[in-house]
Amino acid sequence: MAPAEILSGKIVSAQVRDRLKQQVLEMKEKFPGFRPGLAILQVGNRDDSNLYINMKLKAAAEIGISANHIKLPNTATEADVLKCIASLNADPAVHGFIVQLPLDSDKPINTEKITNAVAPEKDVDGLSSINAGKLSRGDLGDCFIPCTPKGCMELIRQTGVQVTGKRAVVIGRSKIVGAPMHDLLLWNNATVTTCHSKTSTLAEEVGKADILVVAAGKAEMVKGEWIKPGAIVIDCGINHVPDSTKASGKRVVGDVAYNAAKEKASYITPVPGGVGPMTVAMLMQSTVESAQRFLEKFQPGKWTIQYNQLNLKMPVPSDIEISRSCVPKPIEQVASEVGLLPDEVEPYGQTKAKVQLSALNRLKNQPDGKYVVVTGITPTPLGEGKSTTTVGLVQALGAHLHQNVFACVRQPSQGPTFGIKGGAAGGGYCQVVPMEEFNLHLTGDIHAITAANNLVAAAIDARMFHELTQSDQALYNRLVPSVNGVRKFSDIQIRRLQKLGINKTDPTALTKEEINAFVRLDIDPGTITWQRVLDTNDRFLRKITIGQSPTEKGFSRTAQFDITVSSEIMAVLALADGLDDMKKRFGRMVVASSKKGQPVTADDLGVTGALAVLMKDAIKPNLMQTLEGTPVFVHAGPFANIAHGNSSVLADKIALKLVGKDGFVVTEAGFGADIGMEKFFDIKCRYSGLRPHVVVLVATVRALKMHGGGPTVTAGVPLPKEYTEENLQLLANGCSNLNKQIQNARLFGVPVVVAVNAFKTDTKAELALVVQKAKEAGAFDAVECTHWAEGGKGALALARAVQRASQAPSNFRFLYNLELPVVDKIRLIAQQVYGARDIELLPEAQEKVTIYTKQGFGNLPICMAKTHLSLSHDPEQKGAPTGFVLPIRDIRASVGAGFLYPLVGTMSTMPGLPTRPCFYDIDLDPVSGGVNGLF
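In this text the structure is predicted, and so the values were computed from the model without any measurement.

In a regular helix each residue adds 1.5 Å, so 12 residues correspond to 16 Å; helix α34 (residues 843-854) covers 17 Å between its end C-alpha atoms and thus fits that length. Restricting attention to buried positions, one finds in α34 the residues A845, K848, V849 and Y852. Axial view of α34: buried residues confined to an arc of 105°, hence all on one face. With respect to the buried face of α34, the exposed residues turned more than 90 degrees away are P843, T850 and K854. As for α34, its buried residues are in contact with α33 (822-834), β32 (838-841), β33 (885-894) and β34 (899-904). Immediately downstream of α34, the backbone of G856 shows phi near 95°, a positive value.

This is the structure in structure tokens:
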């Protein structure tokens, strides 16, 4: 017979590398910025290991794989190696990861323990027990195969001979070659015999083999005459034998007597140049396969989510009963379902987690999904169900229409939770769960804001005290102390010097005049705008006197406590687009003015870095879920009057990347469309750069009847009969407010879908009338919603309307240009959004316009602080009043957050605790240890 055809590993491996190179290019085209990542961990400095590693690095570079060689010294301990492995396991940029063997360490290291520490999904060498176990039971599509056997199979395939039904013999039983080769041939339907050094009939067994794979490690032990004519021979051996004709005095041979064997075999691999080149090529192939699996699992696409089935009951139980009846998924599962990596998630217990901002960087090249904002008509004091509608809409889109969808909502303050309003997790069968976790501490963000805010307040009073009691030089010596004979400015002090126009970095070089300017902020106590905060409705802290201790030497002043969520730090958290941006905004926060009228900032106080440290975890969005198992980001909770009333920019940005281009992110704007929605557009979208696709405007028959002239609606008091009996005329009259709020949304060029939140006392005719009036007013669509009682099922019509509206043209635009004078921006909002004839600036407000313009803050957006109970400044004016003059009694600045907030009319203060607060009903459950009484 003719001599065997040579199976050249060099040729086949080159073909494999070309194929892989093309696959990597396709990945990069589909996912810009992405590269498969390979890590090679080496212990010690063996020459042979260095040679093999260089071959792998060269092949990776040729294909386009990002390869990283990590080299530990030969003094490395087992703990050192395991620590390095843990880090590489958690690195999302590493898709393939091998430990170069042998481990060349002076210390005892358990190789088995090391190889098993590599994450199975990254174990491209296929050496872990998990991958070996999967291979042995035939799970070939869910494991990595050791590279040498994988290369052998590729060479066998090159022959075109079908493995199925053939007799195969494997000589050798090592974990790296022999044992996995046996399993691989077996699960490719060959009849396999494994032989080894103890096999007594080796020549006989070899003579039966249609396919022979030899990995014995013994030079030319398989003789040519043993081989069955026409067999395929794969020689994995590399041995050195003496050869005086070679300069080195030796030559490389395999485990098979090559010259004799090739006369009987049909195909044979040479040594060298056969299996060797294939091993490196298969390592590269496994790395690319691992990267492909990573992309399938963690890149935006169609999520695979386990939704929770609701057990609907009538009448609808209390919110806490419904919440308790739901068994939330483990938060790690929720994170995995939406494509977050394990190292991007920091669990806080079983049901909530922080999400690292690194997720946004990883997904930065992915397209955004559709952006939906939920707002409402001017509400009654009871609220009209925006939060419930937000949750109902995402449950409908996700659990029922199987769209990728995220809700992004604000974190509630504990003030209302323990005061009058109660919880804010939605209601009925549309809730964020667990509601007690949502409504109470969550992950401590509000507590962090309290600490940061009060640090600034303490710094203000301490600085004034020290300036009043010390000379310039004494202040300077304490602000820039000598440490071991060396004085040095901190970074924040360098920034203050630059602000003062002092371009010096040597503390000994300042003149007396420069020292005076540097050490004295010279705060005017009457201009301090920064107050202490507490997340409790405590009416007796609204006005206090501080500094009454004898240690303060008589330097007392009148101050106050506000509620924590009104702090500018909360607004900064909500508008920041990263840690660096948050820190810069902190530095810009103006806390007072100097006696010369210059703004004094947190940076001037030297507190910026400390604020960033206190807030470094709070900036990470909180991941939770709805009753039906759809994901929710709960992050930030700024007021909707003196601040912009929207959840965080960061949560929205991460969610928009996670849902992918066909998914939806639904967020909520506080109060009615005239307040929260306008600020969402003109402040939040302006800073975030995000563009909304749909406005959902929530309306109720109850609120529209109030706007039509119905009796006063009061919390805790039964509704008058006008609200519980059909009255179409009263309802039609009140639709003027609905019309105006639809017009307000359309001012910004965004399609509007009206969600008519149905109550059990509403009649079909009333609901139909609201739908009709909304469409006549220019809404893209209007639908009746019953999600409170039915969960996502009750918002299906709304979800479908939102899907259609998201495909309609959205010509989003801002209401005003920032370059307009402050007064003109305020007038535009008053006239176009509220319906006012004009505005009137009281003297204090006019003075602030002059001051802020002079200080360089005139180009900031406007954040109107007015009542949410009317389009006007008067909460008693219902419907859609016109012709009124809007009084601006004062203007204040949140420079760090990035807006001016005019105070409109007479604003009510945060209510104190009522006679019977909500906390009367809140207690620990004596059986479960859970929380009772939240609603």
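In spatial order, the strands read β3-β2-β4; together these 3 strands make up an open sheet with parallel pairing. The open sheet is flanked by β3 (66-72) and β4 (96-99), the only strands paired with a single partner. Shown here is a sheet whose adjacent strand axes are inclined to one another by a mean of 15°, direction ignored. Bridge count between strand β2 (residues 37-43) and β4: 4 bridges; the pairing is parallel. Bridge assignment links I40 to a residue of β4, and that residue is I98. The strands that helix α2 (residues 47-63) touches are β2, β3 and β4; relative to β2, the one it contacts most, it runs at about 170°.

To continue, consider the environment of A90. With respect to the helices and strands, the residue A90 is situated in helix α3 (residues 78-90). Between the C-alpha atom of A90 and that of P887, which follows or precedes it by 797 residues, the distance is 57 Å. Beyond its immediate chain neighbours, meaning those up to four positions away, A90 contacts K122 and D343.

The next thing to look at is the domain arrangement of the protein. Under the domain assignment, the protein is made up of domain 1 (1-161 + 273-298), domain 2 (165-265), domain 3 (332-442 + 620-807), domain 4 (446-615) and domain 5 (822-903). Computed over C-alpha atoms, the centres of domain 1 and domain 5 are 64 Å apart.

Taken in spatial order, the 3 strands line up as β32-β33-β34 in an open sheet, and their pairing is mixed. Edge strands, defined here as strands with exactly one partner in the open sheet, are β32 and β34. Put simply, the sheet's adjacent strands are angled 50° from each other on average, direction ignored. Examined bridge by bridge, β32 and β33 share 4 bridges and lie parallel to one another. Residue pairing for β33: I839 is matched across the bridge by L886.

What follows covers the UniProt feature "domain: Tetrahydrofolate dehydrogenase/cyclohydrolase NAD(P)-binding" (unreviewed entry) in the protein. As recorded in UniProt, the feature "domain: Tetrahydrofolate dehydrogenase/cyclohydrolase NAD(P)-binding" (unreviewed entry) lies at residues 146-293. Taken end to end, residues 146-293 comprises 33% helix and 19% strand; its first and last C-alpha atoms sit 18 Å apart.

With that settled, the discussion passes to the pattern of salt bridges. Pairing is possible between side chains that carry opposite charge, provided their charged atoms lie close to one another. Within the structure shown, the criterion is met by 43 salt bridges. Where R324 meets E436, a salt bridge forms, and the shortest distance between an N and an O atom there is 3.4 Å. Taken together, the positions of R324 in helix α11 (residues 319-325) and E436 in helix α16 (residues 435-439) put the pair 112 residues apart, joining distant regions of the chain. The exposure class assigned to R324 is partly exposed, which follows from its relative accessible area of 34%. Taking the shortest distance from any N to any O, the salt bridge between R585 and D581 comes out at 3.0 Å.

Turning to the UniProt feature "domain: Tetrahydrofolate dehydrogenase/cyclohydrolase catalytic" (unreviewed entry) in the protein, a few remarks are in order. Under the UniProt annotation, the feature "domain: Tetrahydrofolate dehydrogenase/cyclohydrolase catalytic" (unreviewed entry) is placed at residues 7-125. Within the segment residues 7-125, helix and strand shares are 50% and 15% respectively, and the terminal C-alpha atoms sit 23 Å apart.

The next subject is the nonpolar core. Nonpolar side chains in soluble globular proteins tend to end up buried together. Core analysis: the largest hydrophobic core is formed by 134 residues, its most contacted members being F406, M615, F633, F681, L738, V754 and L886. Sort the elements by how many residues they give to this core and helix α17 (residues 445-469) lands first, with 9 residues. Aside from chain neighbours lying at most four places away, what touches F633 is V355, F406, A407, C408, V409, P621, N622, L623, A651, I654, A655 and L658. Core analysis: the second largest hydrophobic core is formed by 55 residues, L20, V177, V213 and M282 among them.

Here V665 lies in strand β28 (residues 664-668). Sequence separation of V665 and K764 is 99 residues, and the distance between their C-alpha atoms is 31 Å. Residues in contact with V665, not counting those within four places in the same chain, are K370, Y371, V372, F406, C408, A655, L656 and V659.

Enumeration over the complete set of coordinates arrives at 13 aromatic pairs. Here the aromatic rings of Y476 and F518 are separated by 5.9 Å at their centres, their planes lie at 85°, and the arrangement is edge-to-face. One end of the pair, Y476, is in helix α18 (residues 472-479); the other, F518, is in helix α20 (residues 512-519), with 42 residues separating them in the sequence. Here Y476 matches F518 in class, with each residue buried. Plain terms: the ring middles of F681 and F748 are 4.6 Å apart, the flat faces sit at 40° to each other, and that makes the pair tilted. With F681 in helix α26 (residues 673-688) and F748 in the loop between α29 (728-747) and β30 (752-757), this residue pair connects regions lying 67 residues apart in the sequence. Like F681, the residue F748 is buried in the burial classification. Aromatic rings pair up to connect Y371, F680, F681, F748, F812 and F814 into one cluster. Just above the ring of Y687 sits the side chain of R585; from NZ or CZ to the centre is 4.8 Å.

Another point: the pairing of β33. Within β33, 7 of the 10 residues are buried, which leaves it mostly tucked inside the rest of the structure. Two strands pair when backbone bridges link them, and β33 and β34 are joined in this way by 6 bridges, in the antiparallel orientation. If you follow D890 over to β34, its bridge partner there is L903.

Our focus in this paragraph is the side chain of N622. Mapping N622 onto the fold places it in strand β26 (residues 622-626). Polar side-chain contacts of N622 include one of 3.0 Å to the side chain of K354. Within the structure, the side chain of N622 is placed 2.8 Å from the side chain of D445, a separation counted as a polar contact. Residues contacting N622, with those up to four places away along its chain left out, are A353, K354, L442, T443, D445, V632, F633, V634 and H635.

The rules behind the values
- Residues numbered from 1 in each chain as written.
- Predicted model: local features only at pLDDT ≥ 70, side-chain atom pairs only at ≥ 80, totals over all residues.
- Heavy atoms only, no water.
- Helix = DSSP H or I, 4+ residues; strand = E, 2+ residues; numbered from the N terminus.
- Expected span 1.5 Å × (residues − 1).
- Buried < 20%, exposed > 50% of the residue type's maximum accessible area, 1.4 Å probe, protein only.
- Arc of directions from axis to C-beta.
- Contact = heavy atoms within 4.5 Å.
- Pairing = 2+ DSSP bridges.
- Axes fitted to C-alpha atoms, helices over the stretch in contact; angles between N-to-C directions.
- Domains from an automatic or database assignment.
- UniProt positions renumbered as here; feature names shortened; annotations may be inferred.
- Salt bridge = Lys/Arg side-chain N within 4 Å of Asp/Glu carboxyl O.
- Core = buried A, V, L, I, M, F, W, Y, C linked by side-chain atoms within 4.5 Å.
- Phe/Tyr/Trp six-rings, centres within 6.5 Å; stacked < 30°, edge-to-face > 60°.
- Lys NZ or Arg CZ within 6 Å of the ring centre and 35° of its normal.
- Polar contact = N/O pair within 3.5 Å; in protein donor to acceptor, adjacent residues only side chain to side chain.

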